[in-house]
Amino acid sequence: MRWTLILITAFSMRAQNFHRLGYISEGVYSHGTILIRDVNCDSFPELYYSAVIGNKISLRIREYRPYNRYILADEIPDHGLYSDDLGDFDNDGRGDLFSWSGGNFKVFEVLYPDPYPTHQVWRSDSSYFAFGNIHVADLDSDGKMDFLFNNAGGEKYIYENIGDNQYILVWDTVVPPYLG
């Protein structure tokens, strides 16, 4: 399915006059999410989204330019952006992307000289069913951001950030099958 995304709309007090301020011409994968953040701290927000390129889904990063233009800045091939968040999860001053794709959780980080979080630094060792919601918070008050994930099946997982781009599963609600 091909979609054209209206990125930002402005409207009057009567909500009758909408104006398109920009669009992504190749369309956006309909099951993905869109993140808008200024990860590289240049005062221009980037767009992070999944797009179907050929027969594959890729994560694309577009950088804002004046006059409502977004140029393609970087890409992670063969990686759809589903449940996700952007931030500085390990407090190293560089942007991080936490995402679920292909059954695994993954963390991507900015590595110099690249200004975008496109370098995978961690991948979960387990596969998980379906995508759901990701919540990022310092759950154990140690100054590092941890991940709480719930999937479409109702299962919940907590990954603790133990530093140096390492995360360990510390809790889940998965019930083991009956062994009888």
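Just above sits the structure.
A brief structural summary. On a predicted model such as this, the values are computed, not experimentally measured, just so you know.

Concerning unusual backbone geometry
In this structure, the amide linkage connecting tyrosine 112 to the following residue, proline 113, adopts the cis form with an omega of 10°. Despite not being glycine, asparagine 91 shows a phi value in the positive range, around 55°. Its place among the elements puts asparagine 91 in the loop between strand S9 (84–87) and strand S10 (96–101). A positive phi angle is found at aspartate 164, which is not glycine, with a value near 55°.

Structural notes on the side chain of aspartate 74
Mapped onto the fold, aspartate 74 is located in strand S8 (residues 69–76). In this structure, aspartate 74 is buried with no salt-bridge partner, the nearest side chain bearing the opposite charge being arginine 60 at 9.2 Å.

Overview of the pattern of salt bridges
Oppositely charged side chains are able to pair whenever their charged atoms sit close together. Applying the stated criterion to the full structure yields six salt bridges. Between arginine 94 and glutamate 109 there is a salt bridge, with its nearest N and O atoms 2.9 Å apart. Of this pair, arginine 94 sits in the loop between S9 and S10 while glutamate 109 sits in strand S11 (residues 104–109); the two residues are 15 residues apart in sequence, bridging distant segments of the chain. Under the relative-accessibility criterion, glutamate 109 is labelled buried at 2%. A network of salt bridges, in which partner residues are shared, links Asp92, Arg94 and Glu109.

Calculation criteria
Residues numbered from 1 in each chain as written. Predicted model: local features only at pLDDT ≥ 70, side-chain atom pairs only at ≥ 80, totals over all residues. Heavy atoms only, no water. Helix = DSSP H or I, 4+ residues; strand = E, 2+ residues; numbered from the N terminus. Buried < 20%, exposed > 50% of the residue type's maximum accessible area, 1.4 Å probe, protein only. Lys, Arg positive; Asp, Glu negative; His and termini not counted. Salt bridge = Lys/Arg side-chain N within 4 Å of Asp/Glu carboxyl O.

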